[in-house]
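Residue strings, one per chain:
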Amino acid sequence: MKSIKLFVGGLLSLGVIGIAIALMVGGTSAIVAGINQLGLQFLGDQSLLCMSRRQRLNALAVTADGKTLVTGSKAIRIWDVATGQKQYDSTVLPNTISQAAGLNLLTVEALAITPDQRLLVSAVAIAGAVDYRHEIQIWDLGRREVLRTLKGHGDRVALLAITPDSRTLVSQDDSGVINIWDLATGQVKQTLSDQKRLRSGLVLSPDRTSFVTIDKAGMVTQREIATGKVLASVKA
């Protein structure tokens, strides 16, 4: 932990405006990404990765076995943690999401990987003629292919979470809308549109089976992720 604190302090002293951290299995090492031009740093005994493009890193995700890292910026890139080698880069393929849509600008907003390591979930913003279109992409992580696209958010998707059985996805956008999805079908199980009055973002339980929200009236509500069912509610 000391090395992490020192490294974070160094980033702040250099004027880095934000940091994304992904903890490895067992907490033995961490991956830290600086927002500006510092690239990607493996702490501990891992190697330093120099990003080929100076882009803001918006999201990180690590597989449950700690072997694969996914980063999100203007593209999705997949890395081998042991060797530091890049295994996939969506910008070098002819059929990227943005090209398929006839657009030039894509921004990755959030990432998540299912516990069974089969699926990668990416929330993206695609530039249109006037504004952005916000979508969630479900990838086959092994084949590096988009299986389906989920549409149900009108604002930047700030959070993605997946249940331990890898069957259900919960997403929250900046307006506070929460969608609960069936990952197998891509269908929305429930939309909590009344959450627009949220005071802050949702907080996941340690076992990732439920989440807690607090609205502007001070009402704290715990819901089951798989169903959206209210488990408890109390006035703060």
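What you see is a predicted model, and the numbers here were worked out from it, not measured in a lab.

> Just to check I follow, could you spell out the pairing of strand 18 (residues 210-214) for this structure?
Where a strand is regular, its side chains alternate between the two sheet faces. Taking burial as the measure, the five residues of strand 18 include four buried ones, the bulk of the element. Pairing of strand 17 (residues 203-204) with strand 18, which is carried by two bridges, proceeds in the antiparallel orientation. When the bridges of strand 18 are listed, Val203 appears paired with Val212. In textbook terms, the turn of a hairpin is the stretch between consecutive antiparallel strands, and for strand 18 and strand 19 (residues 219-224) this stretch comprises four residues, one of which, Gly218, has a positive phi near 90°.

> When you look at the sheet that holds strand 7 (residues 76-80) in this model, what are you seeing that I'm missing?
The strands that make up a sheet pair up through hydrogen bonds in the backbone, lying either parallel or antiparallel. The antiparallel open sheet is built from four strands, whose spatial order is 5-6-7-8. Among the strands making up the open sheet, the edge pair consists of strand 5 (59-62) and strand 8 (86-89). Within this sheet the neighbouring strands show an average axis-to-axis angle of 15°, counted without direction. One ladder, built from five bridges, connects strand 6 (residues 68-72) with strand 7; its direction is antiparallel. Along strand 7, the bridge assignment pairs Val70 with Ile78.

> Sorry, what's going on with the confidence of the model for the protein here?
Interpreting fine coordinate detail is not advised for predicted regions of low pLDDT. Averaged over every residue, the pLDDT of the protein is 74; the share at 70 or more is 67%. When the elements of the protein are averaged for pLDDT, helix 1 (residues 2-13) gives the smallest value, 37, and strand 12 (residues 145-150) the largest, 93. For the stretch residues 1-21, pLDDT sits under 50, and the model shows 33 contacts to residues farther than four places along the chain or on other chains. Scored below 50 in pLDDT, residues 23-53 makes 95 contacts in the model with residues more than four places away or belonging to other chains.

> Would you take a moment to explain the sheet that holds strand 17 for this structure?
With antiparallel pairing, four strands are arranged side by side in an open sheet as 17-18-19-20. Looking at the sheet topology across the chains shown, the edges are occupied by strand 17 and strand 20 (230-235). Two elements, strand 18 and strand 19, share five bridges in a ladder whose sense is antiparallel. Pairing of Val212 across the sheet is with Gln222, part of strand 19.

> Please explain the nonpolar core as it appears in this structure.
Soluble globular proteins: nonpolar side chains tend toward being buried together. In terms of nonpolar packing, the biggest core is built from 15 residues, with Val70, Ile76, Val108, Leu111, Ile113, Leu120 and Leu141 touching the most fellow members. Secondary-structure elements contributing two or more residues to this core are strand 5, strand 7, strand 9 (106-113) and strand 10 (119-127). Per-element accounting of this core gives the leading share, four residues, to strand 9. Beyond its immediate sequence surroundings of up to four residues, Ile76 is in contact with Val70, Thr71, Tyr88, Asp89, Ser90, Val108, Leu120, Ser122 and Trp139. Residues Ala123, Val157, Ile162 and Leu183 belong to the second largest nonpolar core, which totals 14 residues.

> When you look at the pattern of salt bridges in this model, what are you seeing that I'm missing?
Two side chains with opposite charge may pair up if their charged atoms get near one another. One pass over the full model with this rule turns up eight salt bridges. The partner of Asp89 in a salt bridge is Arg77, and the shortest N-O contact between them spans 2.9 Å. Of this pair, Asp89 sits in strand 8 while Arg77 sits in strand 7, and the two are twelve residues apart along the sequence. Accessibility classification places Asp89 together with Arg77 in one group, the buried group. Close ionic contact of Arg143 with Glu145 constitutes a salt bridge, the shortest N to O distance being 3.4 Å. Judged by relative accessible area, Arg143 falls into the exposed class, the value being 52%. Beyond isolated ion pairs, a larger network of salt bridges with shared partners links Arg77, Lys86 and Asp89.

Thresholds, definitions, all that
Residues numbered from 1 in each chain as written. Predicted model: local features only at pLDDT ≥ 70, side-chain atom pairs only at ≥ 80, totals over all residues. Heavy atoms only, no water. Buried < 20%, exposed > 50% of the residue type's maximum accessible area, 1.4 Å probe, protein only. Helix = DSSP H or I, 4+ residues; strand = E, 2+ residues; numbered from the N terminus. Pairing = 2+ DSSP bridges. Axes fitted to C-alpha atoms, helices over the stretch in contact; angles between N-to-C directions. pLDDT = per-residue confidence, 0-100. Contact = heavy atoms within 4.5 Å. Core = buried A, V, L, I, M, F, W, Y, C linked by side-chain atoms within 4.5 Å. Salt bridge = Lys/Arg side-chain N within 4 Å of Asp/Glu carboxyl O.

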